[in-house]
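Residue-level structure breakdown
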Amino acid sequence: MTIQLHCFGESGNAYKAALALELAGLDWEPVFVDFFNGATRSPEYRSQINEMGEVPVLVDGAVKLSQSGVIQMYVTEKTGKFGGATPAEAREVMRWVFWDNHKFSSQAGMTRFLMNFLPEEKRPAPVIQFMQGRLKAAYEVLNTHLAGRDWIVGDAITNADISCCAYLYYPEPFGFDRADWPHIDAWLTRISDQPGWKHPYDLMPGNPSDRA
Ligand SMILES: N[C@@H](CCC(=O)N[C@@H](CS)C(=O)NCC(=O)O)C(=O)O
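Predicted model, so just to flag it, every value in this text is computed and none were measured.

1. Examining the domain arrangement of the protein chain
- Domains assigned within the protein chain are domain 1 (3-82 + 197-211) and domain 2 (87-192).
- Here domain 1 and domain 2 have C-alpha centroids that lie 19 Å from each other.
- Contact residues are listed per partner, giving 26 residues for domain 1 and 23 residues for domain 2.
- Overall, the association of domain 1 and domain 2 removes approximately 1,800 Å² of surface from exposure, summing both partners, and the carbon and sulfur fraction of that is 62%.

Spelled out as structure tokens, the structure:
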């Protein structure tokens, strides 16, 4: 049975799930969620798809899951891929996924939203500046960790990499410039060189140009 992933292209959190499914070689298809027209805020979405009002949501037969990190764990359960080679690595993978969800992607996603998807007159400059300061500290953490290593954990790509990279391929500006962070830059190239890798806008339906 084909796995369904409720998602939209602009969602870096959905990209973490979509990329794990795709790189693992699982049979899956995207189900477009019209976030920009309020789909995730509708009572139907909350009662039938996800009470948390978010994407991504994975449906595999009777299994329904939200939270990108949990969906990534499910891909690991099904395929043995991306979870780390040992129990110690598996814990380390989770440590970075939690860090990403709390300190990195959440801030990158919000800053990108405020700078690109809000009408220009509503963009709160002091909040954006504050968020960019927080993000700079997070880039520093990741760049320093990646110095002298190919992957965040162990010797191969894991859910830690798939989680932390998700917002960094998007073209909309939010203050991140690959040229400023050489170890992150090389790591992003390493990830995009993986067989089967696709850009978020090629993997999921929905693109800012749809609303232009
Ligand atoms: N921690 C969650 C975050 C999910 C999330 O924030 N998704 C956003 C899209 S990137 C969303 O659906 N937001 C809807 C809303 O806040 O109304 C995950 O990793 O899945």
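Next comes the rest of the write-up.
2. Description of the site of the ligand
- Every residue near the ligand is listed here: Ser11, Asn13, Phe35, Thr40, Gly53, Glu54, Val55, Pro56, Gln67, Ser68, Asn101 and Tyr167.
- The separation between a nitrogen atom of the ligand and a polar side-chain atom of glutamine 67 is 2.8 Å.
- One of the side-chain nitrogen or oxygen atoms of serine 68 is found 2.6 Å away from an oxygen atom of the ligand.
- Surface burial for the ligand is 75%, taken as the share of its 510 Å² of free accessible area covered by protein chains.

3. Description of the UniProt feature "domain: GST N-terminal" (unreviewed entry) in the protein chain
- With numbering aligned to this structure, UniProt lists the feature "domain: GST N-terminal" (unreviewed entry) at residues 1-83.
- Span residues 1-83 is 39% helix and 22% strand, its end C-alpha atoms 23 Å apart.

4. Observations concerning the sheet that holds strand β2 (residues 28-32)
- In spatial order, the strands read β2-β1-β3-β4; together these 4 strands make up an open sheet with mixed pairing. Each edge of the open sheet is held by one strand with a lone partner, namely β2 and β4 (63-66). For this sheet, the mean inter-axis angle between neighbouring strands, taken without regard to orientation, is 20°.
- Relative to β4, strand β3 (residues 57-60) is paired through 4 bridges, and the arrangement is antiparallel. Each residue of the ladder has a partner; that of valine 59, found in β4, is lysine 64.
- Sheet contacts for helix α1 (residues 12-24): β1 (3-7), β2 and β3; angle to β1, the most-contacted strand, approximately 155°.

Rules behind the numbers
- Residues numbered from 1 in each chain as written.
- Predicted model: local features only at pLDDT ≥ 70, side-chain atom pairs only at ≥ 80, totals over all residues.
- Heavy atoms only, no water.
- Domains from an automatic or database assignment.
- Contact = heavy atoms within 4.5 Å.
- Buried area = accessible area lost by both parts, 1.4 Å probe.
- Near = heavy atom within 4 Å.
- Polar contact = N/O pair within 3.5 Å; in protein donor to acceptor, adjacent residues only side chain to side chain.
- Areas by Shrake-Rupley, 256 points an atom, 1.4 Å probe, with all protein chains shown as cover.
- UniProt positions renumbered as here; feature names shortened; annotations may be inferred.
- Helix = DSSP H or I, 4+ residues; strand = E, 2+ residues; numbered from the N terminus.
- Pairing = 2+ DSSP bridges.
- Axes fitted to C-alpha atoms, helices over the stretch in contact; angles between N-to-C directions.

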